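# Understanding the architecture of this molecule
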Amino acid sequence: VNELLRQFDPCTDADGVLEADAAGHLVISIELRRLFDHFLAASGEEPIATMRARIIAVLRARLPATAAAEAIEILDRYLAYRDAARRLVPPSADPVAGLDQVHDLRGKMFSPAVVKAFFADEEAAIYAALARRDVLADTTLSPAERERRLAEIDARTPAAVRDARA
């Protein structure tokens, strides 16, 4: 691992902007997940220990010690979460049940702050898309009722998700 760290320049342009607050604690954001995913994109091509070592090198290079330690703890939970998510039994025909299963797993694996930062917009987008699909498929709705329900879904959807969809 030491040889790997000597060869790897942690200051390269890996995805994800990392921040610490004034007290030196990690600012949890989607950017941390983007950094993790940047390196984990090589899953299956190189050992997980190698990818983890690279991520840790970047965390230690970009963050103060306390924030880096907090980020490493979240990284280890994220790696465990990815393994656990792969082992979930997919529901047969109900995508909402599958999403609920993943949502519950996230709640067990991470603090609420990490769940919100890492997954909230993604989950909101998926649940909104499924709700829209159901409304559009409901042939019993009048055009006006369909539009009203779609507007309700949009109103409950976070602005970032609405903007991305637009």
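Use the structure listed above.
Overview of the structure. Source: prediction; values computed, not measured. (Residues numbered from 1 in each chain as written. Predicted model: local features only at pLDDT ≥ 70, side-chain atom pairs only at ≥ 80, totals over all residues. Heavy atoms only, no water.)

## Quick notes on the environment of Glu-19
With respect to the helices, strands and loops of the structure, Glu-19 is situated in the loop between helix H1 (2–7) and helix H2 (30–40). Along the backbone, Glu-19 and Leu-63 are 44 residues apart, and their C-alpha atoms lie at a distance of 6.9 Å. In this structure Glu-19 touches His-25, Leu-26, Val-27 and Leu-63, once residues within four positions along its chain are discounted. (Helix = DSSP H or I, 4+ residues; strand = E, 2+ residues; numbered from the N terminus. Contact = heavy atoms within 4.5 Å.)

## Here's the deal with the side chain of Arg-146
Secondary-structure assignment places Arg-146 in helix H7 (residues 143–156). Among buried Asp, Glu, Lys and Arg side chains, Arg-146 stands out as unpaired, with Asp-138 the closest opposite charge at 5.9 Å. Other than its neighbours up to four places away in sequence, Arg-146 contacts Val-135, Leu-136, Asp-138, Thr-139 and Leu-141. (Buried < 20%, exposed > 50% of the residue type's maximum accessible area, 1.4 Å probe, protein only. Lys, Arg positive; Asp, Glu negative; His and termini not counted. Salt bridge = Lys/Arg side-chain N within 4 Å of Asp/Glu carboxyl O.)

## Let's talk about the pattern of salt bridges
Applying the stated criterion across every chain, the model contains 14 salt bridges. Note that Arg-33 and Glu-122 form a salt bridge whose closest N and O atoms lie 2.9 Å from each other. Residue Arg-33 is found in helix H2, and its partner Glu-122 is found in helix H6 (residues 112–137); the two are separated by 89 residues along the sequence. Arg-33 sits in the buried class, given a relative accessible area of 14%. Taking relative accessible area as the criterion, Glu-122 reaches 31% and is therefore assigned partly exposed. Two residues, Arg-148 and Glu-152, come together in a salt bridge whose shortest N-O distance is 2.1 Å. Of this pair, Arg-148 and Glu-152 are both found in helix H7, four residues apart, which corresponds to roughly one turn of the helix.

## Structural notes on the packing of H2 against helix H4 (residues 65–87)
One can describe the packing of H2 onto H4 by two numbers: an axis separation of 11 Å at closest approach and a directional angle of 55 degrees. One finds that H2 runs oblique with respect to H4. Taken as a pair, H2 and H4 cross one another with a handedness that is right-handed. Contacts from Leu-32, Arg-33, Phe-36, Asp-37 and Leu-40 of H2 reach H4 at Ala-71, Ile-74, Leu-75, Tyr-78, Leu-79 and Arg-82. Among the residues making up the contact of H2 with H4, the classes are represented as eight nonpolar, no polar and three charged. (Axes fitted to C-alpha atoms, helices over the stretch in contact; angles between N-to-C directions. Parallel < 35°, antiparallel > 145°, perpendicular 65-115°, else oblique. Left-handed = near helix turned anticlockwise from the far one by under 90°. Nonpolar A, V, L, I, M, F, W, Y, C, P; charged D, E, K, R; others polar.)

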